[in-house]
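Structural overview
Take a look at the letters that make up each chain.
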Amino acid sequence: AQLPLAPPLQVDYARPRVSALTPQHGSALGGAALTIFGQHLGSVLAGRVVEGVGPWVVGGYAVEAAVGASSAQRVEWLSGSSVVIRAAAGVGAALPVSLSIAEQASTSPQLFSYHAPLVLAASPPFGPPDGGLEVTIFGRNFGGERQTLGATVGGQRCSFTLWASDSAASCLFPPMLPAAR
């Protein structure tokens, strides 16, 4: 006689619940230490630190932390109610910050914004109305690691924009509309 098989044992964990985030803004170069507060954030992981590109496996649990679509560079569990993550380089505003433990995710009710790009100068400062001149744009908060940028000159989008660093980019000066000439 065969005995009936027992159903597989299922174990459920309390879903992480993120309730607050501080600070809510940081450098486009990344490195901002964001403290996530909440409940069920992994008390068994307290004192653990992971670095590099996630997702990670920590203490047998699959873990992910992200700002927008970018994986955090570092995660440190202070307790079951607070975790510090280090934001990767990036650009954008009003980005969700999420933490996932054992495939259960939670997103902060507050959003994170990278500091806005600021243009300080362009060289050369003038170009021909027909366009086609490469212009170097200087400023800050252009991001890191070859960010995808867009630039405009006189309200016209550049034919292409190439990221060089957090403080420089180049742009192919677009042809100006007749009204802007």
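The text that follows walks through the structure, step by step, so that each part is easy to find.

Reading the values: rules and limits
- Per-chain numbering applies: the sequence of each chain, read as written, is numbered from 1 onward.
- With pLDDT at 70 or above as the cut-off, local features in this predicted model cover only qualifying residues; side-chain atom pairs require 80 or more to be listed or tallied, and sums for whole chains, interfaces and linings still use all residues.
- With hydrogens and water excluded, all non-hydrogen atoms of the structure serve as input to the side-chain values.
- Here the rule is simple: two strands pair whenever DSSP picks up at least two bridges between them.
- Segments assigned H or I by DSSP are reported as helices when at least four residues long, segments assigned E as strands when at least two residues long, and all are numbered from the N terminus.
- The axes used here are C-alpha line fits, helices contributing only the stretch in contact, and every angle between their N-to-C directions lies in the interval 0 to 180 degrees.
- Note on terminology: a nonpolar core comprises buried Ala, Val, Leu, Ile, Met, Phe, Trp, Tyr and Cys residues joined through side-chain atoms within 4.5 Å.
- To sort residues, take the accessible area from a 1.4 Å probe on protein chains only and compare it with the maximum for the residue type: under 20% means buried, over 50% means exposed, and anything in between is partly exposed.
- Note on definitions: a residue-residue contact is assigned when non-hydrogen atoms from the two residues lie within 4.5 Å.
- Two rings from Phe, Tyr or Trp (for Trp, the six-membered ring) form a pair when their centres sit within 6.5 Å of each other. Planes less than 30 degrees apart are called stacked, planes more than 60 degrees apart edge-to-face, and all others tilted.

Quick word on the sheet that holds strand β1 (residues 17-22)
Taken together, five strands build an open sheet; the order of strands is β1-β3-β9-β8-β4 and the sheet is antiparallel. Each having just a single partner strand, β1 and β4 (49-51) make up the two edges of the open sheet. Between one strand and the next, the sheet's axes are offset by a mean angle of 20 degrees, whatever the strand orientation. In the sheet, β4 pairs with strand β8 (residues 74-79) via three bridges, with the strands oriented antiparallel. Bridging across to β8, V49 finds its partner in E76.

Quick word on the nonpolar core
Membership of the largest hydrophobic core comes to 26 residues, with the highest contact counts inside it found for L34, V67, V75, W77, I85, V97 and F112. Among the elements of the structure, β1, β3 (33-39), β5 (56-58), β6 (61-67), β8, β9 (82-86) and β10 (97-101) are those that each provide at least two residues to this core. Sorting elements by how many residues they give to this core places β6 first, with four residues. Apart from the residues within four sequence positions on either side, I85 is in contact with A32, A33, L34, I36, A65, V67, A72, R74, V75 and V97. I137, F142, W163 and C171 belong to the second largest nonpolar core, which has seven residues in total.

Re the packing of aromatic side chains
According to the stated counting rule, one finds one aromatic pair in the structure shown. Ring centres of F112 and Y114 lie 5.1 Å apart, and the angle between their planes is 90 degrees; on these two criteria the pair is classed as edge-to-face. By relative accessible area, F112 is classed as buried at 0%.

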